[in-house]
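Observations on the three-dimensional arrangement
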Amino acid sequence: MTSAILSDVTNGVMTITLNRPDAANAVRPDDRDALIALFGAADADQDVRVVVLRANGKHFCSGADVNALQDRRQTVEKRVMDPMRRIMNGAQKLVASVLDCNKPVIAVVQGAAAGIGAHIAYASDLVIATENAYFSESFVRRGLVVDGGGCYLLPRRIGMQKAKELAFFGEKVSATEALTIGLVNRVVPSDQLDAVVDDFAGRLATAPTSAIAFTKRLLNDSPDTDRAGAFVAEAMAQEIQSYAHDSTEGVQAFVEKRSTEYTGW
């Protein structure tokens, strides 16, 4: 049986691939847990400098597998707090695993990124999309409340009013509009996708990884932190990074007018 989630580490790049193209890469509970484990492994592995999340087939991810959810509804008796626990330990934990991974995460989106599929992309640090990509808050179309951290992520990415429009109507957001409102970093033709992804990943794989990790944390925390707290956290991160090999290397390379050779630590 072909694995629904593939992974590979080459030259400092962990590539995670959603591999259910016949199901538009809809995520089942086991797939979700495998993704959470891989982001945790990437975070802990010093040989991993950047994570690339992509998908096989026409679509990135159409969201949670509705058939799997329906089967569970029919076979599992609901008890107070059980659904809440499943959501917090499921879709929310997946999005948190992307946000909390100390390695930069690049999402590569083609076709549909809907529901939790869209939220995985929003949680990523950089998003590269093809011209045919689109994003959708599909929950309202199924009579559901937005989950997987969507109501946390969207206002922070695009502002409250636009976030409500997307959540209330569930309409598709084209790649072009997504670029305009700040949901993606690049929109490229399909035949240029791999080259752009390789460029981004290659540059990050030779970058000062621990410096990027601290910067990622500071940026992710900034919307929820007051100025005083943000400044203290920034100063602490600066001090800790000052002991890193790459901090010394960066300064020495500048003084010696040579290229840097960062180790990531």
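Parameters at a glance
- Within every chain, residues take consecutive numbers counted from 1 along the sequence as written.
- In view of the model being predicted, local features appear only for residues whose pLDDT reaches at least 70, and side-chain atom pairs are presented and counted only at 80 or more, with totals across whole chains, interfaces and linings using the full set of residues.
- Heavy atoms from the whole structure form the basis of all side-chain values; hydrogens and water molecules are not counted.
- In this text, buried Ala, Val, Leu, Ile, Met, Phe, Trp, Tyr and Cys residues form a nonpolar core when linked through side-chain atoms within 4.5 Å.
- Here the term buried applies to any residue with accessible area under 20% of the maximum for its type, exposed to any over 50%, and partly exposed to those in between, with areas from a 1.4 Å probe on protein chains only.
- Numbering of helices and strands runs from the N terminus; a helix is a DSSP stretch of H or I covering at least four residues, while a strand is a stretch of E covering at least two.
- Pairs of residues are marked as contacts when any of their non-hydrogen atoms sit within 4.5 Å.
- Only Phe, Tyr and Trp rings are paired, with Trp represented by its six-membered ring, and only when their centres lie within 6.5 Å; those with planes under 30 degrees apart are stacked, over 60 edge-to-face, the remainder tilted.
- Definition used: whenever NZ (Lys) or CZ (Arg) falls within 6 Å of the ring centre and also within 35 degrees of the ring normal, the charge is taken to sit over that ring.
- Here a cavity denotes grid points, spaced 1 Å and computed from the protein atoms alone, that fit a 1.4 Å probe unable to get out, and a pocket denotes an open set having protein on both sides within 12 Å along at least 5 of 7 lines; residues with an atom within 4 Å of a point are the lining.
- Grid points are joined across faces, edges and corners, and a volume is the space filled by probe spheres set on the points.
- Any residue that is not Ala, Val, Leu, Ile, Met, Phe, Trp, Tyr, Cys, Pro, Asp, Glu, Lys or Arg is counted as polar, Gly included; the first ten are nonpolar and the last four charged.
- By definition, no residue in a patch forms a salt bridge, and every one has over 30% relative accessible area; like charges are joined within 9 Å, nonpolar side chains (Val, Leu, Ile, Met, Phe, Trp, Tyr) within 5 Å.
- Areas reported here follow the Shrake-Rupley algorithm with a probe of radius 1.4 Å; residue values treat only the protein chains shown as occluding.
- Between Lys or Arg on one side and Asp or Glu on the other, a salt bridge is scored when a side-chain nitrogen of the former is within 4 Å of a carboxyl oxygen of the latter.
- In this analysis, strands are considered paired if DSSP registers two or more bridges between them.
- Simply put, an axis is a line fit to the C-alpha atoms, just over the touching stretch for a helix, and the angle between two N-to-C directions goes from 0 to 180 degrees.

Before going further, it helps to examine the nonpolar core. If you look at the biggest cluster of nonpolar residues, it comprises 46 residues, and the most contacted ones within it are Ile16, Val51, Leu53, Phe60, Val109 and Phe135. Element by element, the count of residues in this core is highest for helix H5 (residues 116-123), at six residues. For Val109, the contacting residues outside a window of four places in its chain are Phe60, Ala121, Val127, Ile128, Ala129, Thr130, Ala133 and Phe135. Counting residues in hydrophobic clusters, the runner-up holds 14 residues, among them Val50, Val52, Val188 and Ala201.

Attention shifts here to the packing of aromatic side chains. Counted according to the given criterion, the structure contains one aromatic pair. Directly above the aromatic system of Tyr152 lies the positively charged group of Arg156, at a separation of 3.8 Å from the ring centroid. Taking NZ or CZ as reference, Lys172 lies 4.4 Å from the ring centre of Tyr134, over its face.

Right, let's talk about the layout of surface pockets for a bit. For the second largest pocket, the calculated volume is near 680 Å³. Lining the second largest pocket are 31 residues, with Ala123, Ser124, Asp125, Arg157 and Asn220 positioned closest to its centre. If you list the elements that add at least two residues to the lining of the second largest pocket, you get helix H4 (91-100), H5, strand E6 (126-130), helix H6 (150-158) and helix H10 (209-221). Looking at the lining of the second largest pocket, the element that brings in the most residues is H10, giving seven residues. Each residue belonging to the lining of the second largest pocket can be placed in one class, and the counts come to 17 nonpolar, six polar and eight charged.

Moving on: a nonpolar patch on the surface. Together, Val80, Met81, Met84 and Met88 give the surface a local cluster of nonpolar side chains, amounting to about 430 Å² of exposed area. Examined against the element boundaries, Met84 turns out to sit in helix H3 (residues 82-88). On the accessibility criterion, Met84 (46% relative accessible area) is partly exposed.

Before going further, it helps to spend a moment on the sheet that holds strand E5 (residues 112-114). Taken together, three strands build an open sheet; the order of strands is E5-E7-E8 and the sheet is mixed. Strand pairing shows two members of the sheet lacking a second neighbour, E5 and strand E8 (173-174), which therefore form its edges. On top of the sheet, H5 reaches E5 and strand E7 (134-136); it is set at about 95° to E5, its chief contact.

Using the criterion set out here, one finds one cavity of 30 Å³ or more in the structure. If you add up the space inside the largest cavity, you get close to 30 Å³. Together, Ala4, Ile5, Leu18, Asn19, Arg20, Asn25, Ala26, Val27 and Asp31 line the largest cavity.

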